[in-house]
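Structural features, examined
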Amino acid sequence: MKFSPIFSFALLMCCLMSVSVQAQQNSSPFTDQFQKLLEKKFDADGPGAAVLVAKNGEVIFRSSIGKANIELGVSIEPDHVFRIGSITKQFTAVAILMLMEEGKLALDDELTRFLPDYPTKGKSIDVAQLLTHTSGIPSYTSMPGFLDNYSRNHFTPEAIIDSFKNEEFDFEPNTEFRYNNSGYVLLGAIIEKISGMSYADFIQQRIFDKIGMTQSYYDDHSTIIPKRASGYEKAGDGYANASYLDMSLPYAAGSLLSTVDDLYKWQSALQADKLVKKETLQQAFTRYKLKNGEEIDYGYGWFLNKLFGEPVIEHSGGIYGFLAQGVYIPNDNIYVAVLTNCTCVSPNEVARMMAAIEMGKYSKRTPKPMSATDLKEYVGVYAFKSEEGKKVTIQVEEDHLMGQQSGGSPQSLFAYDKDKFFVESSMIVAEFQRDPAGSVLSIKFEMPNGDVELAERTDELPAVRQEIDLPPSVLERYVGAYELMPGFILNISLKDGQLHAQATGQGAAPIFAESETKFFLKVVDAQLEFIADAEGAFSKLILYQGGQELTGNRK
């Protein structure tokens, strides 16, 4: 399942290894580079990650960093158990394909064949549309206030379906792609209806047990699970225990637990046709076509992308306290799994970068020293041609550039060649282009998937925000809960003379005053303006981010 990061309101061989993976872990020539990447991305004394890289049927790197439990000081080991979030969708999709091969369903079967009482409002919805997020059914996790109000409730599959079945469709079936957890809940219910087993039992008995995934489970808070890692979220400059989520709620869209070793067993079993036939799996790895013939970058339970020109079969997972990424490069037979126990550092770029390094498509670039004076000629605000209102601000930060996209967090850019910069801990390249007179005219961003984005320089100057100090007696006036939308609250708190803002289900971040009514964040491009009523009390605030304005009334 995918949940929004802080202040983001866009309302992401054989089945058993015959020898110890630990014994094989150092066979990659890039081991040191992999380990340094982990150490750069993750906090050794905070939550961290477990990682596995395999090539041609052998584990060539297996490592971990950080704490599985910060309070007890327990370090993460590669065999620790993590929530895998939406990687669960792969298992749900393959379960459906297994039932298809058994002749118990067809991908063009109507939803109402299995759930006859589901109100389709006269629309035709089939199994393939549920698998590919093209049904138009709204995602229950995106419904305003749903997670905030019900994250602690225990749900049956029927109750989850009841929560969204009467909502209006987002679009006509088979005309768009929109990532959707509801579709996979419905698939879970179909699996139960056909098999006569609970979803959890089907996955355990028909998949986990069959291919030896001995450290994988359907999550349950009450069950004692050996080596289960604790989940965390960012809180100011530190960490907090992850918000509670009853794991009946993600269900067939995101309730599984696993390890990097077991995910490799899963990938190996798929490649060896242990669960479904090769031609059936190929259907899952084929871009789905919409009604108008347009292909989407999704198959049955996997995203289908490119990495430096090579096909990539991948999926990420995000759920309270945990993020996950699994990447498979079929042409090079490379598999990378990265599991983390905090929603604070995305594993996606780490996994893709390790895959690219092992492919020989990416090598570490050496920063080229530049003076602050030389860097100043790149400073400015650049507008993207691909999307109206989308901009990136470039400023100087000591010996390098700092770029910040509208509504996003700051990213460091380091020079490695004339007018060429790389984004720190990323495979994105930014090349500044000049006019005939030699003045910087635009930026060409080259993405690892082959996409190119152009941002043209504007006459706008970067905003200079001057932080001011306000006494605690003034800061206390802002403290309170402000409702930005039904069930979505922005809490303003004061601790040790510093104001913090924390949105529902997200970590807290410090906010800084530039006047007695206006504040800004440094971790992301967002500002807050507090509005006083006739009596002088702050009764509401306005959040400015990414070109949007959201007003929150004080509760």
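Just so we're clear, the structure is a prediction, and the values are computed from it rather than from any experiment.

Quick word on the overall build of the protein
Across its full length, the protein holds 14 helices and 29 strands. For the protein, whose C-alpha radius of gyration is 24 Å, the value lies close to the compact-globule estimate of 24 Å for 555 residues. Along the three orthogonal principal directions, the C-alpha set of the protein runs to about 65 × 60 × 55 Å. For the protein, buried positions account for 53% of its 555 residues.

Details of the environment of asparagine 181
Topologically, asparagine 181 is positioned in helix α8 (residues 181–195). Taking relative accessible area as the criterion, asparagine 181 reaches 2% and is therefore assigned buried. For the pair asparagine 181 and glycine 85, spaced 96 residues apart in sequence, the C-alpha to C-alpha distance is 11 Å.

What to know about helix α7 (residues 157–164)
Residues of α7 that are buried: Pro157, Ile160, Ile161, Ser163 and Phe164. All buried residues of α7 lie within an arc of 150° about the axis, which places them on one face of the element. Structurally, α7 contributes buried residues whose contacts are with α6 (146–150) and α8.

What to know about the sheet that holds strand β2 (residues 58–65)
Taken in spatial order, the 6 strands line up as β2-β1-β13-β12-β11-β10 in an open sheet, and their pairing is antiparallel. With partners counted over all chains shown, the strands left at the sheet margins are β2 and β10 (303–307), one partner each. When strand polarity is set aside, the average angle formed by the axes of neighbouring strands in this sheet is 15°. Bridge analysis of strand β11 (residues 310–319) against strand β12 (residues 322–329) gives 7 bridges, and the strand direction is antiparallel. Paired with histidine 315 across the bridge in β12 is glycine 326.

What to know about the sheet that holds strand β18 (residues 420–423)
In a beta sheet, neighbouring strands are held together by backbone hydrogen bonds and run either parallel or antiparallel to one another. Within the closed barrel, the 8 strands sit side by side as β14-β15-β16-β17-β18-β19-β20-β21. Their pairing is antiparallel. Geometrically, the sheet is characterised by an average inter-axis angle of 30° between neighbouring strands, direction not taken into account. One ladder, built from 3 bridges, connects strand β16 (residues 400–405) with strand β17 (residues 411–417); its direction is antiparallel. Residue pairing for β17: glycine 403 is matched across the bridge by glutamine 411.

A few points about the state of the cysteines
A disulfide bridge is the covalent bond that connects two cysteines by way of their sulfur atoms. Under the criterion given, the structure shown has 1 disulfide. What pairs with cysteine 342 in a disulfide is cysteine 344, and their sulfur atoms sit 2.2 Å apart. Negative torsions about the S-S bond denote left-handed disulfides, and the value of about 135° found for cysteine 342 with cysteine 344 makes this one right-handed.

Structural notes on the confidence of the model for the protein
For the protein, mean pLDDT is 91; residues scoring 70 or higher make up 95% of the total. In this model residues 1–25 is a low-confidence stretch, pLDDT under 50, and it forms 80 contacts with partners more than four residues away in sequence or in other chains.

Re the packing of aromatic side chains
This structure, assessed with the given rule, holds 33 aromatic pairs. Note on phenylalanine 91 and tryptophan 266: the rings are 3.9 Å apart at their centroids and 20° apart in plane angle, and the pair reads as stacked. Separated by 175 residues along the polypeptide, phenylalanine 91 in helix α3 (residues 88–101) and tryptophan 266 in helix α10 (residues 260–271) bring together distant segments of the chain. Since its relative accessible area comes to 0%, phenylalanine 91 is described here as buried. Look at phenylalanine 285 and tryptophan 302: their rings are 5.0 Å apart centre to centre, the planes differ by 90°, and that puts the pair in the edge-to-face class. Of this pair, phenylalanine 285 sits in the loop between α11 (278–284) and β10 while tryptophan 302 is found in the loop between α11 and β10, placing the two residues 17 residues apart along the sequence.

Section: the layout of surface pockets
Space inside the second largest pocket adds up to approximately 920 Å³. Forming the walls of the second largest pocket are 29 residues, and the residues nearest its centre are Gln404, Ala463, Arg465, Asp525 and Gln527. Listed by contribution, the elements that provide at least two residues to the lining of the second largest pocket are β15 (391–397), β16, β26 (518–521), β27 (526–532) and β28 (538–545). When residues of the lining of the second largest pocket are assigned to their parent elements, the largest contribution, 5 residues, is made by β15.

Some thoughts on empty space enclosed by the protein
Considered as a void within the structure, the largest cavity measures approximately 60 Å³ in volume. Lining of the largest cavity is provided by Gln90, Trp266, Gln267, Phe285, Trp302, Ile313, Gly326, Val327, Tyr328 and Tyr335. Of all elements in the fold, only α10 and β12 reach the threshold of two or more residues within the lining of the largest cavity. For the lining of the largest cavity, the class distribution of residues is 7 nonpolar, 3 polar and no charged.

Quick notes on the pattern of salt bridges
Two side chains bearing opposite charge may form a pair once their charged atoms approach each other closely. A full pass over the atoms with the stated rule returns 26 salt bridges. In this structure, arginine 287 and aspartate 297 form a salt bridge, with 3.1 Å as the shortest nitrogen-oxygen distance. Of this pair, arginine 287 sits in the loop between α11 and β10 while aspartate 297 sits in the loop between α11 and β10, and the two are 10 residues apart along the sequence. In this structure aspartate 297 comes out as partly exposed when scored by relative accessible area, which is 43%. Among the salt bridges present, the one from glutamate 453 reaches lysine 390, with a minimum N-O distance of 3.3 Å. On the criterion of sequence distance, the pair formed by glutamate 453 in strand β21 (residues 452–457) and lysine 390 in the loop between β14 (380–384) and β15 is long-range, its members being 63 residues apart. Considered together, glutamate 453 and lysine 390 belong to a single accessibility category, that of buried residues. Three or more residues joined by partner-sharing salt bridges are found here, namely Arg83, Asp219 and Arg228.

The rules we used
- Residues numbered from 1 in each chain as written.
- Predicted model: local features only at pLDDT ≥ 70, side-chain atom pairs only at ≥ 80, totals over all residues.
- Heavy atoms only, no water.
- Helix = DSSP H or I, 4+ residues; strand = E, 2+ residues; numbered from the N terminus.
- Rg over C-alpha atoms; globule rule 2.2 N^0.38 Å.
- Buried < 20%, exposed > 50% of the residue type's maximum accessible area, 1.4 Å probe, protein only.
- Arc of directions from axis to C-beta.
- Contact = heavy atoms within 4.5 Å.
- Pairing = 2+ DSSP bridges.
- Axes fitted to C-alpha atoms, helices over the stretch in contact; angles between N-to-C directions.
- Disulfide = S-S within 2.5 Å.
- pLDDT = per-residue confidence, 0-100.
- Phe/Tyr/Trp six-rings, centres within 6.5 Å; stacked < 30°, edge-to-face > 60°.
- 1 Å grid on protein atoms, 1.4 Å probe; cavity = no way out; pocket = protein on both sides within 12 Å on 5 of 7 lines; lining within 4 Å.
- Points joined across faces, edges and corners; volume = space filled by probe spheres on them.
- Nonpolar A, V, L, I, M, F, W, Y, C, P; charged D, E, K, R; others polar.
- Salt bridge = Lys/Arg side-chain N within 4 Å of Asp/Glu carboxyl O.

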